[in-house]
Amino acid sequence: MSTALLATRPPVPLSLYSDLDPQADEIRLLLLSPAPCTVPTVSCELLTVSLKDRPIYDALSYVWGDPKITRPIRVNGQVAQVTVNLEAALRRIQQPDYQVRVWVDAVCVNQRDESERSSQVAFMKEIYSNARMVYAWLGEEGER
């Protein structure tokens with residue numbers, strides 16, 4: 001991933017991230033809080049898990065969209081700016097009555113930590129192949 005691309009990605013507060021142990025095959029999952037899609041802000045938490053424990057989760061593959069146009073989500077109580085397309089995808093995946101565990105590169109990987117990005121890229125095949133379901137999100141109807 002190029003530094004130029006990284007510079008255009010929306011900011012996620014660095015304080016959300018603790019170090020991952022690549023030897024333990026650790027990744028972060030986003031736990032989407034239950035809420036109807038009419039709630040104004042998507043709310044979620046980051047959870048660190050080991051792929052060795054075979055966690056149950058979904059994964060999201062999506063079109064980033066314009067990194068300069070963002071919407072806020074709440075992660076661990078902090079505001080994080082994500083692309084409009086990612087926020088829309090999370091809103092669609094979110095369920096009204098149960099928590100959803102999903103892996104999303106933009107938030108689950110500390111995009112400002114080159115070492116972490118490199119080690120997480122090595123896990124991507126395993127992340128996607130072990131997911132219970134992989135969502136492919138191209139955008140809202142009419143925006144494609």
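Structure shown above.
Please read these numbers as outputs of a predicted model, since none were measured by experiment. (Residues numbered from 1 in each chain as written. Predicted model: local features only at pLDDT ≥ 70, side-chain atom pairs only at ≥ 80, totals over all residues. Heavy atoms only, no water.)

A. Just unusual backbone geometry, in detail. With a phi close to 55 degrees, D25 is a non-glycine residue in the positive phi region. With respect to the secondary-structure elements, D25 resides in the loop between α1 (3-8) and β1 (26-32). Not every positive phi belongs to a glycine, and R54 is a case in point at roughly 55 degrees. Residue position: R54 is located in the loop between β2 (43-50) and β3 (58-62). (Helix = DSSP H or I, 4+ residues; strand = E, 2+ residues; numbered from the N terminus.)

B. Representation of the sheet that holds strand β4 (residues 70-75) within the structure. Spatially, β5-β4-β2-β1-β6-β3-β7 is the arrangement adopted by the 7 strands of the open sheet, whose pairing is mixed. The sheet terminates laterally at β5 (78-83) and β7 (133-137), the two strands that pair on one side only. Between one strand axis and the next, the sheet turns through 40 degrees on average, direction left out of account. Where β1 meets strand β6 (residues 100-103), 3 bridges bridge the pair, whose relative direction is antiparallel. From the neighbouring strand, L30 faces β6, where its bridge partner is V102. Where helix α2 (residues 84-93) meets the sheet, its contacts fall on β1, β3, β4, β5, β6 and β7, and the angle it forms with β5 comes to roughly 110 degrees. (Pairing = 2+ DSSP bridges. Axes fitted to C-alpha atoms, helices over the stretch in contact; angles between N-to-C directions. Contact = heavy atoms within 4.5 Å.)

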